[in-house]
Amino acid sequence: MNRTLLLTPGPLTTTDTVKQAMLGDWCTWEDTYKQMTCDIRNELTALSGHSRYTAVLMQGSGTFSVEAVMGTFIAKTDHVLIGVNGAYGRRMAEIATKMGLHFSTVETEETKAIDAQAIEQKMIQDPTITHVMLVHSETTSGLLNPVNTICRAAKKHGKITIVDAMSSFGGMGINMDSWGIDVLVSSANKCLQGVPGFGFILADEHLLQSRKGTSPSLSMDVYSQYETMEKEGGKWRFTSPTHAVHAFARALAELKEEGGILKRYDRYTENKNVLINGMAELGFQTAIDPAIQSSFIVSFLYPEDDFSFQHFYEALKKDGFIIYPGKLTDLKAFRIGTIGDITSEDINRLLQSIRTYRGVTVM
């Protein structure tokens, strides 16, 4: 069976050993499994960069964990300021609307980073704001928002900070404490290279302990999940994704084997650089300024007005590569991910496939 590479922002290409870790059946009440949950929580806490944080695992997609965090850490009496420059910032605003939360937004073009000065000015103008929330790596475009600058400013003004680091945590250095992040949300199937099934929340433990009874949800209450995992030695409150948990435990071991987050960041960055340079030679321009381009996913503009993404996609799929359609509202673009179990050699094979599709002969 030929190996198909998922050049997407997640789910992504996993190692054979991560896949093999799922070849079993496990009871959620069994002590060894609960200890695995405890070990994962401890390892995630260590990756946060400071002992004041705790890790809570939550069933479902990354968005489930974002919604759980908003319900647990933001009360109806609070006022959250949301930075929006893509689909995932807009999704936060949609969740806030559904929950009946008091919120306001600072909005920026999808190809521009959120304006840190505009966020701070909004906090100064409106003292009712209690929380600031934004996406770090906006998967809509592939850009990085200045989370460290914005969260430090928010802490200076006494606000609680919440960051969606779905597509960045584990793929680059993030020191939550020095950046001023109180709560961070990510997912098993992104830069940590596990499989879909659960997300996780890293939160200031004292802050989390103050949120008992805040959540309007039974199953998506981060505090109650935390309390159960603490008191019952790693037990999840409801049926957990046992196969995904075993895969994630293996994925965390493989992060260490690779040399840690900085080594992984180097690999992802090399993938990104090889991709952008090779695509430029083939006539594809990036949609994002290099100064804010992440190493996780790249948006490329259509090279011609009559470019058919669907035809392009199908041709690459036949060669074993899966890419993503665009998500930019006003620009015709598509996206190629550079994370997962892929190397620059894989990117070069992709580029050769694109050369063939474009009818380009290398001299």
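First, a word on scope: everything that follows refers to the structure included in this document. For clarity, every value in this text was computed on a predicted model and none was experimentally measured. (Residues numbered from 1 in each chain as written. Predicted model: local features only at pLDDT ≥ 70, side-chain atom pairs only at ≥ 80, totals over all residues. Heavy atoms only, no water.)

**Some points on the pairing of strand 8 (residues 160-164)**
Argument step 1. Buried residues dominate strand 8, accounting for five of its five residues.
Argument step 2. Here strand 5 (residues 131-135) pairs with strand 8 via five bridges, running parallel. Paired with Val135 across the bridge in strand 8 is Asp164.
Argument step 3. Relative to strand 9 (residues 183-187), strand 8 runs parallel, the two sharing three bridges. Bridge assignment links Ile162 to a residue of strand 9, and that residue is Val183. (Buried < 20%, exposed > 50% of the residue type's maximum accessible area, 1.4 Å probe, protein only. Helix = DSSP H or I, 4+ residues; strand = E, 2+ residues; numbered from the N terminus. Pairing = 2+ DSSP bridges.)

**Notes on the sheet that holds strand 10 (residues 198-204)**
Argument step 1. The mixed open sheet is built from seven strands, whose spatial order is 2-10-9-8-5-3-4. Only two strands of the sheet have a single partner each, and these edge strands are strand 2 (53-59) and strand 4 (102-107). Strand-to-strand twist across the sheet, computed as the mean angle between neighbouring axes with direction ignored, equals 20°.
Argument step 2. Pairing of strand 9 with strand 10 involves five bridges; the strand directions are antiparallel. Bridging across to strand 10, Ser187 finds its partner in Gly199.
Argument step 3. Contacts between helix 2 (residues 31-48) and the sheet are confined to strand 2 and strand 10, with strand 2 contributing the most and set at about 130° to the helix. (Axes fitted to C-alpha atoms, helices over the stretch in contact; angles between N-to-C directions. Contact = heavy atoms within 4.5 Å.)

**A look at the nonpolar core**
Argument step 1. Residues Ile40, Leu44, Phe169, Ile174, Ile181 and Phe248 are the most contacted members of the largest nonpolar core, which totals 53 residues.
Argument step 2. Of all the elements, helix 10 (residues 242-258) adds the most residues to this core, at eight residues.
Argument step 3. Counting residues in hydrophobic clusters, the runner-up holds 32 residues, among them Ala68, Val69, Met166 and Val183. (Core = buried A, V, L, I, M, F, W, Y, C linked by side-chain atoms within 4.5 Å.)

**Some details on the packing of aromatic side chains**
Argument step 1. Tallying each qualifying case throughout the model produces 17 aromatic pairs.
Argument step 2. Ring centres of Phe198 and Trp236 lie 5.9 Å apart, and the angle between their planes is 85°; this geometry places the pair in the edge-to-face category. Residue Phe198 is found in strand 10, and its partner Trp236 is found in the loop between helix 9 (222-231) and helix 10; the two are separated by 38 residues along the sequence.
Argument step 3. Taken together, the ring pairs in this structure connect Phe284, Phe300, Tyr302, Phe307, Phe309, Phe312, Tyr313, Phe334 and Tyr357 into an aromatic cluster.
Argument step 4. When the ring centre of Trp29 is taken as reference, the NZ or CZ atom of Lys235 above it lies at 4.5 Å. (Phe/Tyr/Trp six-rings, centres within 6.5 Å; stacked < 30°, edge-to-face > 60°. Lys NZ or Arg CZ within 6 Å of the ring centre and 35° of its normal.)

**Brief notes about the pairing of strand 10**
Argument step 1. Taken across its seven residues, strand 10 has seven buried, putting it largely inside the fold.
Argument step 2. What you see with strand 10 is no split at all: Phe198, Phe200, Leu202 and Asp204 on one side and Gly199, Ile201 and Ala203 on the other are buried throughout.

**Some thoughts on the sheet that holds strand 14 (residues 333-337)**
Argument step 1. Spatial ordering of the open sheet is given by 11-14-13, a layout of three strands whose pairing is antiparallel. Of all the strands in the sheet, the pair left with one neighbour each is strand 11 (297-301) and strand 13 (324-325).
Argument step 2. Pairing of strand 13 with strand 14, which is carried by two bridges, proceeds in the antiparallel orientation. Note that in strand 14 the partner of Pro325 across the bridge is Phe334.

**Things to note about the environment of Asp31**
Argument step 1. Relative to the elements of secondary structure, Asp31 occurs in helix 2.
Argument step 2. Since its relative accessible area comes to 57%, Asp31 is described here as exposed.
Argument step 3. Sequence separation between Asp31 and Lys235 is 204 residues, and the spatial gap between their C-alpha atoms is 8.8 Å.

**Quick look at the packing of helix 3 (residues 62-73) against helix 4 (residues 87-99)**
Argument step 1. Interhelical geometry of helix 3 versus helix 4 gives an angle of 50° and a closest axis separation of 10 Å. By the criterion of interaxial angle, the relationship of helix 3 to helix 4 is oblique. The two elements helix 3 and helix 4 cross, and the hand of that crossing is right-handed. Residues Thr63, Val66, Glu67, Met70 and Gly71 of helix 3 pack against Arg91, Met92, Ile95, Ala96 and Met99 of helix 4.
Argument step 2. Taken together, the residues that form the contact of helix 3 with helix 4 break down as six nonpolar, two polar and two charged. (Parallel < 35°, antiparallel > 145°, perpendicular 65-115°, else oblique. Left-handed = near helix turned anticlockwise from the far one by under 90°. Nonpolar A, V, L, I, M, F, W, Y, C, P; charged D, E, K, R; others polar.)

**Describing helix 12 (residues 309-318)**
Argument step 1. Restricting attention to buried positions, one finds in helix 12 the residues Phe309, Phe312, Tyr313 and Leu316. In a view along the axis of helix 12, the buried residues occupy a sector of 100°, so they form one face of it. Set apart from the buried face of helix 12 by more than 90 degrees, the exposed residues are His311 and Lys318.
Argument step 2. Against strand 12 (321-322), strand 13, strand 14 and helix 13 (344-358) lie the buried residues of helix 12.
Argument step 3. Gly320 sits one or two positions beyond helix 12 and adopts a positive phi of about 95°. (Arc of directions from axis to C-beta.)

**Observations concerning the pattern of salt bridges**
Argument step 1. Per the counting criterion, the structure on display carries 17 salt bridges.
Argument step 2. Residues Lys34 and Asp31 are paired through a salt bridge, measuring 3.8 Å at the closest nitrogen-oxygen approach. Of this pair, Lys34 and Asp31 both sit in helix 2, three residues apart, which is roughly one turn of that helix.
Argument step 3. For Lys34, a relative accessible area of 14% gives the class buried. (Salt bridge = Lys/Arg side-chain N within 4 Å of Asp/Glu carboxyl O.)

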